Amino acid sequence: MTELKTGAPSRIMIVEGDLMVAKDLKRRLRILGYDVSAIASGGLSAIELARETMPHLVLMDVMPAGDMDGVEAAGVIQTSLGIPIVFVTACTEDHVVDRAMEAEPFGYLVRPFTEKELRSTIETALVKSRAERALVRAKDEWERTFDAVPDLIIILDDKHRIVQANKATVERLGIQREEIVGKSCFECFHQTASPPAFCPHSVLLVDGKPHFAEVSEERLDTVFEVSVSPLHDLDGRLIGSVHVAHDITARKKAELNLKQSEERYRMLVEHANDIVFRTDAAGRFAFVNPVVLRITGYSAEEVIGRPYLDFVHPEHKDEMKRFYEFQFLKKIPETYYQYRLITKAGKSVWMAQHGQLLMEEDSVTGFQAIARDITARKEAEDALRRAHHELEERVLERTSELARANAQLKESEARVRSLFEAAEDCVFVQDRDLAYTLVNPAMERLLGRPASEMLGRTDEDLFGEETGKHTREVSARVLRGQSVEVELSRMIRGEWTTFHETRAPLRDSSGTVIGVCGIARDITERKAAVTHTPSDATACYASPIMRRTLENARLAAETGGIVLLTGESGSGKDHMARYIHDHSSRCHGPYFAVNCGAIAPQIAESEFFGHERGAFTGADSRKRGLLELAEGGTLLLNEIGELSLDLQVKLLTFLDTRGFTRVGGEKRITVEARIIAATNRDLAKEVEAGRFRQDLFYRLHVFNIEVPPLRKRRNDIPALAEIILAQLKEDLQLHETPCLDSSTLSKLVQYHWPGNVRELRNVLERALILSKGQSLRVDLGSVHGPAGDEQSWSAVFPPRKPLNEIAQDLKRSLILEALEHSKGNKTRAANILKISRDALRQQMKTLGLL
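Remember, predicted model here, so these are calculated numbers, not experimental data. (Residues numbered from 1 in each chain as written. Predicted model: local features only at pLDDT ≥ 70, side-chain atom pairs only at ≥ 80, totals over all residues. Heavy atoms only, no water.)

K.L.:
Which parts of the structure should I look at to understand the overall build of the chain?
P.N.:
A tally of helices and strands in the chain yields 33 helices and 27 strands. For the chain, the residues scored as buried account for 40% of the 850 residues in total. Looking at the chain alone, contacts between residues at least 24 apart form 55% of all its contacts between residues at least 6 apart. For the chain, the accessible surface area stands at approximately 47,400 Å², while carbon and sulfur atoms represent 52% of it. (Helix = DSSP H or I, 4+ residues; strand = E, 2+ residues; numbered from the N terminus. Buried < 20%, exposed > 50% of the residue type's maximum accessible area, 1.4 Å probe, protein only. Contact = heavy atoms within 4.5 Å. Areas by Shrake-Rupley, 256 points an atom, 1.4 Å probe, with all protein chains shown as cover.)

So this is what it looks like as structure tokens:
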């Protein structure tokens, strides 16, 4: 392609079959100031001359002599050489003009024409040619720049279809550019048939404004910062958008690492044995760790905001002030010095302090330091100095004085060692194989074994296979980097002992987990004070239906699976759940119960799964949820039918994976807690109504136990009343419990108890309050009226019962129903049964109702 140099005449090539016309055209061009580079008579020769001379423009006859006409030659010259063509002809026939125009010439002159027309046509063609070349160069430059950008850039139309994508995009997707053009952006990036809710392009098509979003692309395993800008046509209509996606995966990982590093730093500072503090530029305390408060005896409120020099011993205050001023003035980055602090009690403490200025650009913003209590060392140094002074005076006592100083040093070291050895809690360290590598004396005393018998051995070796298996599961999570708080029970010297344990990963200098560090506190006595004592309730119940229910509960307790308890409100589902826990292998673990309907929806997720500090407003510290607290034990989800659909999804995920993430957290937590669910609703109908998830229903419906209502086990009422009265005696702090006479007990047995066991307890509690130490008087009429004038009876044929026993049960039920309907009037009850009063009395005596 030729370029026109500034100031040089344009070179023009003439293609004309008529020599006279060509010479005339050459003369006229020179008059106009153009340079004629060559003259060709035919199409083929014109192509060769144009390739050799590379003119700025070609004046082409439409039909020159030779075997190729001007239109064909013009197409070759313009397409392959990029030289503009202007047709010059005397022919005005339409078909000739139309064919010439198909070659898209830069001009068309019809002879005869003036020099002015010739100049105008040539200059217009040259300007147009230069403009097209500039446009091509600009397009090439734009495409090079477009492909050179490392970010992903795509241009979309208003239908989400990709119009253009840069090199980084196609390389990241791993497909050819031709394969991506024309496809939808969500089809290429998200592999979905419709745009996801977070798609910035979808939002732009609604409001037409630029958008900025952070998007996680699961397919590419990348997090992008995406900016979306609208594209408008000349009329201002939105015709598409430009997407620029910047990969911020490394930055997000760095932010996560920084957060973890800050957390480790915070833990180090808070658990350090040395003083760590920070001041502002004026020398006022801005932060202190707990060691500062422990050593000085001040509270945080008394320290924060006060000048640091207020706590320095008067003998060192002026010197420290000059030292600080000199350090701040000269901007000395790090310093070391020794001085004395004054505690709140007036005691002086020697400190060895490493300090560092806090800088922002060239300005000092504060001071940070780590200080160690060296009082003991100073005392030893003083002792050594005194010894040295005395040695100068008493050479004969030199050996004894040095020995005394060494003894003081050893005593200081012994005090440090005693912190570990004198701890009342068990402290231990295990390696990655969970073999003990260090135990303190408290653990030796508790287990009654020397450390030599424990080091190198595992929990399976020391406490048995079953206990060791559970602790290994907990420690496996610790080795994966999770800190765990759990209650564990072990058989120690023939007795079950319960510990509250905190296990944390032990890391080397590179951050790799190399073992487990644990602290265990014996909480057996505390647990005994609040723990429910399991009993064999089977002997308390006379009704066959309740005995069968307890047999099923026993079977459930022997397994570790999920149990679903159903039954009317107040029928005792929570007591049945506790019965299953107490008779299971988890009986020594924690037991928690929560009413799902009593938790506000806003805090429900936090209550179940816990939250991290700062997860929401008011979350000032990390909180463990009920699932985590029930580690190694049982969690009863009472009234599970009240659970919201959102929380049902999270609960289902936990039941499937045994893992969850705290609200606002990032680490996945694994928990081994048994779930028992209870409800008074028909969950199958709740599923049909869309209020309960079908998949969660099937997940819970593994072992279903229906707790019978009290009216179906009236034979149990005497035993239940006795148990409840004993409990109420303790709750109400009564010296003795009034007894139930036979008529009162008969009333209780005859009543239909719509409120079940809960109502029985309320009735007995009210009777106890109103009895004033006298015999109990139960007024059932104040609770519920009679069941109605209509009566109905049903007979159930239990397995393995003889006919006479079934008949007696039926007679007993009919008589009790009649007495209930007649409010205990035997004459009216006999009339209802269509028998005489004497016959009724005889039947009651036979059936043991008198």
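K.L.:
Which parts of the structure should I look at to understand helix α5 (residues 115-148)?
P.N.:
Every α-helix winds through 3.6 residues per turn, so residues three or four apart in the chain are directed the same way. An ideal rise of 1.5 Å per residue puts 50 Å on 34 residues; α5 measures up with 49 Å between its terminal C-alpha atoms. Buried within α5 we find Leu118, Thr121, Ile122, Ala125, Leu126, Ser129, Arg133 and Phe146. (Expected span 1.5 Å × (residues − 1).)

K.L.:
Would you mind going over the packing of helix α28 (residues 717-732) against helix α30 (residues 756-771) with me for this structure?
P.N.:
To describe two helices that pack against each other, one gives the angle between their axes and the distance between the axes. Where α28 contacts α30, the two axes come as close as 10 Å, and the packing angle between them is 55 degrees. Taken together, the axis directions place α28 and α30 in an arrangement best described as oblique. Note that α28 runs across α30; the crossing there is right-handed. Contacts between α28 and α30 pair Leu720, Ala721, Ile724, Leu725, Gln727, Leu728, Asp731 and Leu732 from the former with Val757, Leu760, Arg761, Leu764, Glu765, Leu768 and Ile769 from the latter. Residues belonging to the contact of α28 with α30 are distributed by class as follows: 11 nonpolar, 1 polar and 3 charged. (Axes fitted to C-alpha atoms, helices over the stretch in contact; angles between N-to-C directions. Parallel < 35°, antiparallel > 145°, perpendicular 65-115°, else oblique. Left-handed = near helix turned anticlockwise from the far one by under 90°. Nonpolar A, V, L, I, M, F, W, Y, C, P; charged D, E, K, R; others polar.)

K.L.:
What am I meant to see in a nonpolar patch on the surface here?
P.N.:
A grouping of Leu732, Leu734, Ile769 and Leu770 is seen on the molecular surface, where their side chains present a nonpolar patch of about 360 Å² in accessible area. Here Leu770 lies in helix α30. (Patch = residues over 30% accessible without salt bridge, like charges linked within 9 Å, V, L, I, M, F, W, Y side chains within 5 Å. Salt bridge = Lys/Arg side-chain N within 4 Å of Asp/Glu carboxyl O.)

K.L.:
How do you make sense of the packing of aromatic side chains when you look at a structure like this?
P.N.:
Describing an aromatic ring pair means giving the distance of the ring centres and the angle of the ring planes. Overall, the coordinates contain 14 aromatic pairs when judged by the stated rule. Each ring, one from Phe277 and one from Tyr308, has its centre 5.0 Å from the other, and the planes form 15 degrees; the classification is stacked. Placement of Phe277 in strand β11 (residues 275-280) and of Tyr308 in the loop between α12 (300-303) and α13 (314-330) is noted, with a sequence separation of 31 residues between them. Accessibility classification places Phe277 together with Tyr308 in one group, the buried group. On the basis of an interplanar angle of 85 degrees and a centroid distance of 4.6 Å, the ring pair of Tyr751 and Trp753 is categorised as edge-to-face. An aromatic cluster is present here, built from Phe277, Phe285, Tyr298, Tyr308, Phe311, Tyr339 and Phe367 joined pairwise through their rings. Across the ring face of Tyr298, the terminal group of Arg306 is positioned such that the distance to the ring centre comes to 5.9 Å. Above the ring of Trp350, the side-chain terminus of Lys378 is found at 4.3 Å from the ring centroid. (Phe/Tyr/Trp six-rings, centres within 6.5 Å; stacked < 30°, edge-to-face > 60°. Lys NZ or Arg CZ within 6 Å of the ring centre and 35° of its normal.)

K.L.:
Help me out: how do you make sense of a negative patch on the surface in this one?
P.N.:
A contiguous patch of negative charge on the surface is contributed by Glu93, Asp94, Asp98 and Glu102. Mapped onto the elements of the fold, Glu93 is located in the loop between β4 (85-89) and α4 (94-102). Residue Glu93 is classed as partly exposed on the basis of its relative accessible area, which comes to 43%. (Lys, Arg positive; Asp, Glu negative; His and termini not counted. Charge placed at Lys NZ, Arg CZ, Asp CG, Glu CD.)

K.L.:
For this particular structure, what's the right way to read the nonpolar core?
P.N.:
Side chains that are nonpolar tend, in soluble globular proteins, to be buried together. Core analysis: the biggest nonpolar cluster contains 38 residues, and Leu565, Met576, Ile580, Trp753, Leu760 and Leu764 have the highest contact counts within it. Not counting chain neighbours up to four residues away, the residues in contact with Met576 comprise Met546, Thr549, Leu550, Ala553, Leu565 and Val707. Formed by 32 residues, the second largest nonpolar core is a distinct cluster that contains Leu564, Cys596, Ile640 and Ile675. (Core = buried A, V, L, I, M, F, W, Y, C linked by side-chain atoms within 4.5 Å.)

K.L.:
Help me out: how do you make sense of the pairing of strand β13 (residues 334-342) in this one?
P.N.:
Two faces, one strand: in a regular strand the side chains alternate between the faces of the sheet. With 9 bridges joining them, β13 and strand β14 (residues 348-360) adopt antiparallel strand pairing. Following the sheet pairing, Thr335 is matched in β14 by Gly355. In sequence, β13 turns back onto β14 through a hairpin of 5 residues, with Gly346 there showing a positive phi of about 90 degrees. (Pairing = 2+ DSSP bridges.)

K.L.:
Would you explain the sheet that holds strand β8 (residues 211-217) in this entry?
P.N.:
The strands that make up a sheet are held in pairs by hydrogen bonds between backbone atoms, and each pair lies either parallel or antiparallel. Read across the sheet, 5 strands follow the order β7-β6-β10-β9-β8 without closing on themselves; strand pairing throughout is antiparallel. Two strands lie at the open edges of the sheet, namely β7 (162-165) and β8, each paired on one side alone. Sheet twist, expressed as the average angle between the axes of neighbouring strands with direction ignored, equals 25 degrees. Direction of pairing for β8 relative to strand β9 (residues 222-232): antiparallel, over a ladder of 7 bridges. The partner of Val215 across the bridge, within β9, is Phe224.

K.L.:
I keep staring at unusual backbone geometry and nothing clicks. Help me out?
P.N.:
Trans peptide bonds make up the majority, and among non-glycine residues the majority have a negative phi. With an omega of 0 degrees, the peptide bond between Arg111 and Pro112 qualifies as cis. Here Pro112 shows up in the loop between β5 (107-110) and α5. In this model, Leu434 sits at a positive phi of 65 degrees, which is unusual for a non-glycine residue. We classify Leu434 as buried; its relative accessible area is 6%. In this structure, Glu639 is a non-glycine residue whose phi angle is positive, near 50 degrees.

K.L.:
I would appreciate a short explanation of the pairing of strand β19 (residues 495-507) in the present structure.
P.N.:
In terms of strand pairing, strand β18 (residues 484-492) meets β19 through 9 bridges, oriented antiparallel. If you follow Glu487 over to β19, its bridge partner there is His500. As defined by bridge partners, β19 adjoins strand β20 (residues 513-522) across 9 bridges and the pair is classed as antiparallel. Across the sheet, the residue bridging to Phe499 is Asp522, located in β20. Connecting β19 to the antiparallel partner β20 that follows it, the hairpin turn spans 5 residues, and Gly511 within it adopts a positive phi of roughly 90 degrees.

K.L.:
How should I be thinking about the sheet that holds strand β2 (residues 35-40) in this particular structure?
P.N.:
The 5 strands lie next to each other as β2-β1-β3-β4-β5, forming an open sheet whose pairing is parallel. Both edges of this open sheet fall to β2 and β5, since each of them pairs with a single strand only. Neighbour to neighbour, the strand axes of the sheet diverge by 20 degrees on average, direction disregarded. In the sheet, strand β3 (residues 57-60) pairs with β4 via 3 bridges, with the strands oriented parallel.

K.L.:
Got a minute to help me understand the confidence of the model for the chain in this structure?
P.N.:
The predicted structure's coordinates, where accompanied by low pLDDT, should not be read in detail. Mean pLDDT over the chain stands at 80; residues scoring 70 or higher make up 87%. Low pLDDT, under 50, characterises residues 783-796; the predicted model gives this stretch 19 contacts beyond four residues in sequence or across chains. (pLDDT = per-residue confidence, 0-100.)

K.L.:
Help me understand the packing of helix α2 (residues 43-53) against helix α3 (residues 70-81), please; the structure alone is not making it clear to me.
P.N.:
It is the contact of α2 with α3, at a shortest axis distance of 9 Å, that shows an interaxial angle of 20 degrees. What the angle tells us is that α2 and α3 run roughly parallel. Two packed elements cross with a definite hand, and for α2 against α3 that hand is right-handed. The segment α2 lies against α3, with Gly43, Ala46, Ile47, Ala50 and Arg51 engaging Ala73, Val76, Ile77 and Leu81. Grouping the amino acids of the contact of α2 with α3 by side-chain chemistry returns 7 nonpolar, 1 polar and 1 charged.

K.L.:
Help me understand the side chain of Ser129, please; the structure alone is not making it clear to me.
P.N.:
Here Ser129 lies in helix α5. Excluding residues within four positions of it along the chain, Ser129 makes contact with Pro84 and Phe106.

K.L.:
So what exactly am I meant to see when it comes to the pattern of salt bridges here?
P.N.:
Pairing between side chains of opposite charge can happen when their charged atoms approach one another. Considering all chains together, one arrives at 34 salt bridges under this definition. The partner of Arg51 in a salt bridge is Glu48, and the shortest N-O contact between them spans 3.7 Å. One end of the pair, Arg51, and the other, Glu48, are both in helix α2, 3 residues apart, so they sit about a helical turn from each other. Using a relative accessible area of 42% as the deciding quantity, one classes Arg51 as partly exposed. Here the residues in one salt-bridge network are Asp24, Arg27, Arg28 and Glu115, joined through shared partners.

K.L.:
What am I meant to see in the environment of Ala22 here?
P.N.:
The residue Ala22 is located in helix α1 (residues 19-31) in this model. For Ala22, a relative accessible area of 1% gives the class buried. The spatial distance from the C-alpha of Ala22 to the C-alpha of Leu59 is 9.9 Å, given a sequence separation of 37 residues. Beyond its immediate stretch of four places on either side in the chain, Ala22 contacts Ile14, Glu16 and Ile39.

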